[in-house]
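What follows is the residue order along each chain.
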Amino acid sequence: MKIEDISKIEQEADRVSALYDIFDEGSRLSTKARQVEFLTTVRQIEKSLRPGMKILDLGAGTGEYSLYFAKRGFDVTAIELVEKHVMQIKGKVDFQMSMEVFQGNAMDISMIKDKTYDIVLCFGPLYHLSKIQDRMKCIAEVKKVCKKDGKMFFAFISNDMVITTETMLYEEDFLKGNNYNHDTFKVVDFPFVFHTVDQCRNLLRESDLKVTSEIAADGLSELLEDKINNMDEESYSKWLNYHYYCCEKPEFLGTSNHLLFVAEK
Ligand SMILES: C[S@@+](CC[C@H](N)C(=O)[O-])C[C@H]1O[C@@H](n2cnc3c(N)ncnc32)[C@H](O)[C@@H]1O
């Protein structure tokens, strides 16, 4: 199916599934440049992680985060909408891991008991759910299953940086086209839903959550993908250190493709 036809699919779950027939989620974090988002996010999660903690990964994709933490001995539950992804995760779980995998929708995880998890990851649903009330419903579910002192991690895609990367990397004519409003710079919410930094803050604030950190998860890494992928190990390690230094500075937030928000009740 062509991408234009996918945008016309009414049912959210069917639309997301059709989208991942085109996008290969399994290779999303597969290069040095793409790993920057993963390594930065893991580093932030590990600041809150203590032995014995329970982790929920909502919108788990093909299980990059779930499997990483399950391999390190944490008790992990992965919930994912797309059946193909669920099967891919299940295929990687081994008997030594304490890990459950379910197919489910982040808007309704009533099969999970309230206040069960120390850490809840929500990396995907908020940039797929097209209606704001559904995104609020998803955040309410995250909040419900998170323990009183638990931490919640939310990923967003930055509206403002997408205009730069689309123009510079993929589509020179993007600036002249209709994929964004030329006055407000709001990008059309397809194939993903895009948020400005303030919209992320407002969404979490309106959900009655306290934001404790705002992180430029991948910074300039998508824009500089070729350069980063060609770095030798020493330069890559220096690049990561420099990125870690920048990613917590508020002035870098808007120039990151992915944004990571950490919140508590
Ligand atoms: C780009 S992937 C990210 C996967 C993984 N969390 C990561 O960060 O690498 C987004 C994932 O969110 C899933 N997703 C989107 N909407 C969802 C929903 N309403 N409920 C559960 N999963 C959803 C998609 O199927 C997809 O696998």
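Residues numbered from 1 in each chain as written. Predicted model: local features only at pLDDT ≥ 70, side-chain atom pairs only at ≥ 80, totals over all residues. Heavy atoms only, no water.

Each helix and strand in the protein was counted, giving 10 helices and 8 strands. Over its C-alpha atoms the protein spans a radius of gyration of 18 Å, differing by no more than 12% from the 18 Å that the globule rule assigns to 265 residues. On the principal axes, the C-alpha backbone points of the protein span a range of 50 × 50 × 35 Å. For the protein, the residues scored as buried account for 48% of the 265 residues in total. Across the protein, the fraction of contacts at a sequence separation of at least 24, relative to all contacts at a separation of at least 6, is 73%. Carbon and sulfur atoms form 50% of the exposed surface of the protein, whose accessible area is close to 13300 Å². Distance between charge centroids for the protein: 6 Å, based on 34 positive and 44 negative side chains. (Helix = DSSP H or I, 4+ residues; strand = E, 2+ residues; numbered from the N terminus. Rg over C-alpha atoms; globule rule 2.2 N^0.38 Å. Buried < 20%, exposed > 50% of the residue type's maximum accessible area, 1.4 Å probe, protein only. Contact = heavy atoms within 4.5 Å. Areas by Shrake-Rupley, 256 points an atom, 1.4 Å probe, with all protein chains shown as cover. Lys, Arg positive; Asp, Glu negative; His and termini not counted. Charge placed at Lys NZ, Arg CZ, Asp CG, Glu CD.)

The sites that UniProt annotates as "domain: Methyltransferase type" (unreviewed entry) are residues 56-154. Annotated as residues 56-154, this span is 32% helix and 29% strand, and its ends, taken at the C-alpha atoms, are 12 Å apart. (UniProt positions renumbered as here; feature names shortened; annotations may be inferred.)

A few words now on the nonpolar core. Core analysis: the largest hydrophobic core is formed by 76 residues, its most contacted members being Ile45, Tyr65, Phe69, Met99, Phe154 and Phe156. No other element matches the 7 residues that strand β5 (residues 146-158) contributes to this core. Beyond its immediate sequence surroundings of up to four residues, phenylalanine 156 is in contact with Leu126, Tyr127, His195, Cys200, Leu203, Leu204, Asn257, His258, Leu259 and Phe261. In terms of nonpolar packing, the next biggest core, distinct from the first, is built from 8 residues, Val36, Ile228, Tyr236 and Tyr244 among them. (Core = buried A, V, L, I, M, F, W, Y, C linked by side-chain atoms within 4.5 Å.)

Attention shifts here to the site of the ligand. Taken together, 22 residues form the shell around the ligand, and within it Arg28, Gly59, Glu80, Ala106 and Phe123 come nearest. Contact distances for the ligand include 3.4 Å between a nitrogen atom and a backbone N or O atom of leucine 81. For the ligand, the accessible surface in isolation is 590 Å², of which the surrounding protein chains cover 98%. Broken down by class, the residue content of the shell around the ligand amounts to 12 nonpolar, 7 polar and 3 charged. (Near = heavy atom within 4 Å. Polar contact = N/O pair within 3.5 Å; in protein donor to acceptor, adjacent residues only side chain to side chain. Nonpolar A, V, L, I, M, F, W, Y, C, P; charged D, E, K, R; others polar.)

At their nearest, the axes of helix α3 (residues 32-46) and helix α10 (residues 233-247) sit 11 Å apart, and the two run at 50 degrees to each other. If you check the angle between α3 and α10, you find them oblique. α3 and α10 meet at a crossing whose hand is right-handed. Contacts between α3 and α10 pair Lys32, Gln35, Val36, Leu39, Thr40 and Arg43 from the former with Glu233, Tyr236, Trp239, Leu240, His243, Tyr244 and Cys247 from the latter. Partitioned by chemical class, the residues of the contact of α3 with α10 number 7 nonpolar, 3 polar and 3 charged. (Axes fitted to C-alpha atoms, helices over the stretch in contact; angles between N-to-C directions. Parallel < 35°, antiparallel > 145°, perpendicular 65-115°, else oblique. Left-handed = near helix turned anticlockwise from the far one by under 90°.)

Note on placement: serine 158 falls in strand β5. Using a relative accessible area of 1% as the deciding quantity, one classes serine 158 as buried. Those residues in contact with serine 158, other than ones at most four positions away along the chain, are His195, Gly254, Ser256, Asn257 and Leu259.

Attention now moves to the pattern of salt bridges. Counting across every chain of the model gives 18 salt bridges. Glutamate 233 is the partner of lysine 32 in a salt bridge, and the nearest nitrogen-oxygen pair spans 3.5 Å. Note that lysine 32 is positioned in helix α3 and glutamate 233 in helix α10, a separation of 201 residues in sequence. Glutamate 225 is the partner of arginine 34 in a salt bridge, and the nearest nitrogen-oxygen pair spans 3.1 Å. Here glutamate 225 lies in helix α9 (residues 225-229) and arginine 34 lies in helix α3, a separation of 191 residues in the sequence. Ionic contacts of the salt-bridge type, sharing partners, join the residues Glu25, Arg28 and Glu37 into one network. (Salt bridge = Lys/Arg side-chain N within 4 Å of Asp/Glu carboxyl O.)

Counted residue by residue, strand β1 (residues 54-58) has 4 buried out of 5 residues, so it is predominantly covered. When β1 meets strand β2 (residues 75-80), the two strands line up parallel, connected through 5 bridges. Residue isoleucine 55 lies in a different strand from β2, and its bridge partner there is valine 76. For the crossover from β1 across helix α4 (residues 64-71) to β2, the handedness is right-handed. (Pairing = 2+ DSSP bridges. Right-handed = clockwise from strand over helix to strand, strands pointing away.)

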